[in-house]
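Coordinates in review
Chain by chain, the residues run as shown.
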Amino acid sequence: MEKNIVVIEGDGIGPEVTRQSVKVLNAVAQAGGHEFHFSYHLMGACAIDKTGDPLPDATIAAALNSDAILFGAIGHPKYDSDPTAKVRPEQGLLKLRKSLQLFANIRPVTTYPALQHLSPLKAKMLEDVDFVIFRELTGGIYFGKKEVNPEGTQASDDCIYTRDEIERIAHVAFKHAQQRRKKLTLVDKANVLETSRLWRKVVQDIARQYSDVKVDFLFVDNAAMQIILNPKQFDVILTENMFGDILSDEASVISGSLGLLPSASIGKSSALFEPIHGSYPQAAGKDIANPLGSILSAAMLLDHFGLHAEAGRIREAALWTLQNGFVTKDIDPINFYFTSTIGELISDYVSGKTPGDIHKENIALRKSTII
Ligand code: IPM
Ligand code: MG
């Protein structure tokens, strides 16, 4: 198979984690006789520095023409601490999501027995935790009209949803639930918000077409509590843009590290794959960030291409690194391995080089991993 992949490394740790995914995808291509063509484009703070624009037109055009987009992270502290900044890196990502109509953001939450000790939850609560958040990504308060009065003393953000916007993601989420444990939970705030009442009505209507899926409804405050109290009750969570943003960060701590979680954003044309973590500027350039969120996003990209066996092989490799203590600093602050080493180990694994031949002492010395 031949595919064009646009790579947007972005800011902070974005470049170093994304490079590991490219390494792994190259190994997959070589092993399976595929051709993946990578082209690199700017978005975020690095794009503002070079072009003045967080999302140059060339990036949008390349993304629209690609088969998939692999994205790292964006953000820079100089913008976070300046609420008056006129141009912000995040605008780039929001505009890209809108331009590509990436309306469904899919964030799976899985737990790994090898990392149970890192989770703030008790081990017995972690067994069988396996759910997916379907977050609406191109509507709601993120994209409504934003206003500040001339005195700067009053501000507003409109939250708008249409039936069509809710329907299209609801169908994707219901179909996904049919492939899983057939349970869908709509998270909203229908006791307060008109938009939430529309979500509830539309989802109730659509549910009739998916009679094999059990549907329930939770208010977002209760959902935030249930995710921590009893996460195994969830299968597919469907929710609007901002609730999904908040709940997915909350859910990510269940598995032990924010650095592990991948995501896919799908829409009308090309799909985008990115770890859910941010740009983590404190770690940038140090080769210590966890590349698994990005590498597992690359696995989701392969699933999107229909290369399910290859995607499975990457997941197996990631699990193998965790089980053998090949982990980054977020997971083991004392005996940790470098970002690039984890990337190499996983690409070696998918290339079929036997893990039994790996000598840990050489890895620590940053020599070849396969002896
Ligand atoms: C995410 C991020 C983004 C969001 C930011 C960077 C705009 O937090 O992808 O979850 O809020 O959607
Ligand atoms: Mg977020």
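What follows deals with the domain arrangement of the chain. Under the domain assignment, the chain is made up of domain 1 (1–105 + 257–371) and domain 2 (120–255). For domain 1 and domain 2, the distance between their C-alpha centroids amounts to 25 Å. Each partner contributes to the interface: domain 1 provides 16 residues, whereas domain 2 provides 15 residues. Between domain 1 and domain 2, a total of about 1400 Å² is buried, with carbon and sulfur atoms accounting for 61% of that surface. It is Lys98, Phe103 and Asn105 in domain 1 that bury the most area against domain 2; as a group they hold 42% of the surface buried on that side. Here domain 1 and domain 2 share 0 salt bridges between them. The tally of links from domain 1 across to domain 2 stands at 4 residue pairs in polar contact (both at pLDDT 80 or more). When residues of the side of domain 1 that touches domain 2 are traced back to their parent elements, those giving at least two are helix 5 (89–99), strand 4 (104–110) and strand 11 (262–266). Counting residues per element, the side of domain 1 that touches domain 2 draws most heavily on helix 5, at 3 residues. Residue composition of the side of domain 1 that touches domain 2, by class: 9 nonpolar, 4 polar and 3 charged.

A separate point is the pairing of strand 10 (residues 236–239). Of the two faces of strand 10, both are covered, the one formed by Val236 and Leu238 as well as the one formed by Ile237 and Thr239. Here 4 bridges tie strand 5 (residues 130–136) to strand 10, and the two strands are oriented parallel to one another. Across the sheet, residue Phe134 finds its bridge partner in strand 10, namely Leu238. The pairing of strand 8 (residues 183–188) with strand 10 spans 4 bridges and is parallel. Bridge pairing in strand 10 places Leu186 opposite Leu238.

Moving on to the sheet that holds strand 1 (residues 2–10). The 10 strands lie next to each other as 2-1-3-12-11-4-5-10-8-9, forming an open sheet whose pairing is mixed. Edge positions in the sheet fall to strand 2 (35–40) and strand 9 (214–219), since each of these pairs with one other strand and no more. Strand after strand, the sheet turns through a mean of 25° between neighbouring axes, direction not considered. Two elements, strand 11 and strand 12 (residues 271–275), share 4 bridges in a ladder whose sense is antiparallel.

What counts, and at which threshold
Residues numbered from 1 in each chain as written. Chains lettered and ligands numbered in written order. Predicted model: local features only at pLDDT ≥ 70, side-chain atom pairs only at ≥ 80, totals over all residues. Heavy atoms only, no water. Domains from an automatic or database assignment. Contact = heavy atoms within 4.5 Å. Buried area = accessible area lost by both parts, 1.4 Å probe. Salt bridge = Lys/Arg side-chain N within 4 Å of Asp/Glu carboxyl O. Polar contact = N/O pair within 3.5 Å; in protein donor to acceptor, adjacent residues only side chain to side chain. Helix = DSSP H or I, 4+ residues; strand = E, 2+ residues; numbered from the N terminus. Nonpolar A, V, L, I, M, F, W, Y, C, P; charged D, E, K, R; others polar. Buried < 20%, exposed > 50% of the residue type's maximum accessible area, 1.4 Å probe, protein only. Pairing = 2+ DSSP bridges. Axes fitted to C-alpha atoms, helices over the stretch in contact; angles between N-to-C directions.

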